[in-house]
Amino acid sequence: MAVRNMFYRLGLNSSVSFPEVPVINVGNLRVGGTGKTPHVAHLITALQQLGQSPAMLSRGYGRRTRGYRFATPADTAATIGDEPLQQYQQFNGAVPVAVCEDRVAGIRQLLSSAPATSVVVLDDAYQHRRVQPNLNILLTEQERPFFEDWVLPAGRLRESRVGAVRADLVVVTKCNPLLSDARRQDITRRIRGYAKPAVPVLFSTYTYGAPVPIGAVQQPIGPEVLLLTGIAQPEPLRQYLETAGYRVIHHARFADHHAFTEAEVAAVAAQLAPGQSVFTTQKDAARLLAPALAGVVKQLPVFYLPITVRFLADGDARLLELLMPYFQPHAVV
């Protein structure tokens, strides 16, 4: 990775820019778990508030197809990946979503598939150096920031900490909502030790919504729950459930992007006692509703908790200020 980045830095490998529309990338230095999916959704909403028509392009990690694919109502996690499917469903198909391993080819085809697009949001393309984004947004967790982590296998970083120098904006995610000004200043100082000296640093936290049913039961039955996850970092969800008064009696934990099987869902169902419910994440719910599983899942008391991103202090206003220069002046909706 270091040699590859050096080739791009020296101009031996070239990056492609797109004068037709701004390209905004949301990515990270580590492998999973920094909150890209909810932050991409928040960014898309912010762009809509600025009167833009955003479209999203992802690699579609975990899908069983290859090449370019433009999302339609017939798609599943198997055809486009769980995260793109979640974004497509969250915006009710109103935001164009496409997947392609080759982001350069993907952007070109996406602009052809959705000609009204005024800005392309790349999901998880920080290491995809063939595209030169107009704005490169780097996410890092408060609990495990990149400046305290190490490259695989010693740590969880995909590339060295010095890769932060490519960021135009750094967002510290999953923060304690009561994070002090002094602590934010200290984190900012340490980030700027690797990133650009004056790179903007924002801080965000999660807000959990009311349980959303994906099965036959419309409300959680009681305080005892089984937790079913296939994401990189399920701990924040478990902590929230416990602080919200639920008792997690069992956690069926699988790897990120895990393709659940009917036998695995049946095993979870077999552990359910009267008065208990199954809780999962919105990303996992997209995979649990695959055609092969939907018949089983629909009979169970299964719920996901929607996540929204909230920026601390004046973060939302600063984000809009950072986005506005990339677009023609117009009234904010």
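Residues numbered from 1 in each chain as written. Predicted model: local features only at pLDDT ≥ 70, side-chain atom pairs only at ≥ 80, totals over all residues. Heavy atoms only, no water.

Quick word on the pairing of strand E10 (residues 224-229)
Remark: a regular strand shows side chains that alternate across the two faces of the sheet.
For step 1, the next point in the chain: Burial within E10 is extensive, with 5 of its 6 residues counted as buried.
For step 2, the next point in the chain: Note that E10 and strand E11 (residues 247-253) share 6 bridges and pair parallel. From the neighbouring strand, Leu228 faces E11, where its bridge partner is Ala252.
For step 3, the next point in the chain: Since E10 and E11 lie parallel, the crossover through helix H7 (residues 235-243) that links them has a hand, and here it is right-handed.
For step 4, the next point in the chain: Sheet analysis places E10 next to strand E12 (residues 277-281), joined by 3 bridges and oriented parallel. Paired with Leu226 across the bridge in E12 is Val278. (Buried < 20%, exposed > 50% of the residue type's maximum accessible area, 1.4 Å probe, protein only. Helix = DSSP H or I, 4+ residues; strand = E, 2+ residues; numbered from the N terminus. Pairing = 2+ DSSP bridges. Right-handed = clockwise from strand over helix to strand, strands pointing away.)

Side note on the layout of surface pockets
Here the idea is plain: a probe the size of a water molecule rolls over the atoms and shows the empty space left.
For step 1, the next point in the chain: Roughly 910 Å³ of volume is contained in the largest pocket.
For step 2, the next point in the chain: Taken together, 43 residues make up the lining of the largest pocket; nearest its centre are Lys36, Glu83, Asp256, His257 and Lys283.
For step 3, the next point in the chain: At the level of secondary structure, the elements contributing two or more residues to the lining of the largest pocket comprise helix H2 (36-49), helix H4 (82-90), strand E8 (201-208), H7 and helix H9 (282-288).
For step 4, the next point in the chain: Broken down by class, the residue content of the lining of the largest pocket amounts to 16 nonpolar, 14 polar and 13 charged.
For step 5, the next point in the chain: Looking at the lining of the largest pocket, you find at least three residues from each of domain 1 (1-52 + 118-206 + 310-326) and domain 2 (212-305).
For step 6, the next point in the chain: Volume-wise, the second largest pocket comes out at about 490 Å³. (1 Å grid on protein atoms, 1.4 Å probe; cavity = no way out; pocket = protein on both sides within 12 Å on 5 of 7 lines; lining within 4 Å. Points joined across faces, edges and corners; volume = space filled by probe spheres on them. Nonpolar A, V, L, I, M, F, W, Y, C, P; charged D, E, K, R; others polar. Domains from an automatic or database assignment.)

Brief notes about the sheet that holds E11
For step 1, the next point in the chain: Strand order in the open sheet formed by 5 strands is E9-E13-E12-E10-E11, with mixed pairing between adjacent strands. Each edge of the open sheet carries a strand with a single partner, namely strand E9 (212-213) and E11.
For step 2, the next point in the chain: As defined by bridge partners, E12 adjoins strand E13 (residues 302-305) across 4 bridges and the pair is classed as parallel. Bridge pairing in E13 links Phe279 to Phe303.
For step 3, the next point in the chain: Lying over the sheet, H7 contacts E10, E11, E12 and E13, oriented at roughly 165 degrees with respect to E11.
For step 4, the next point in the chain: Together, E10, E11 and E12 form the strand contacts of helix H8 (residues 262-271), whose direction differs from that of E10 by roughly 165 degrees. (Contact = heavy atoms within 4.5 Å. Axes fitted to C-alpha atoms, helices over the stretch in contact; angles between N-to-C directions.)

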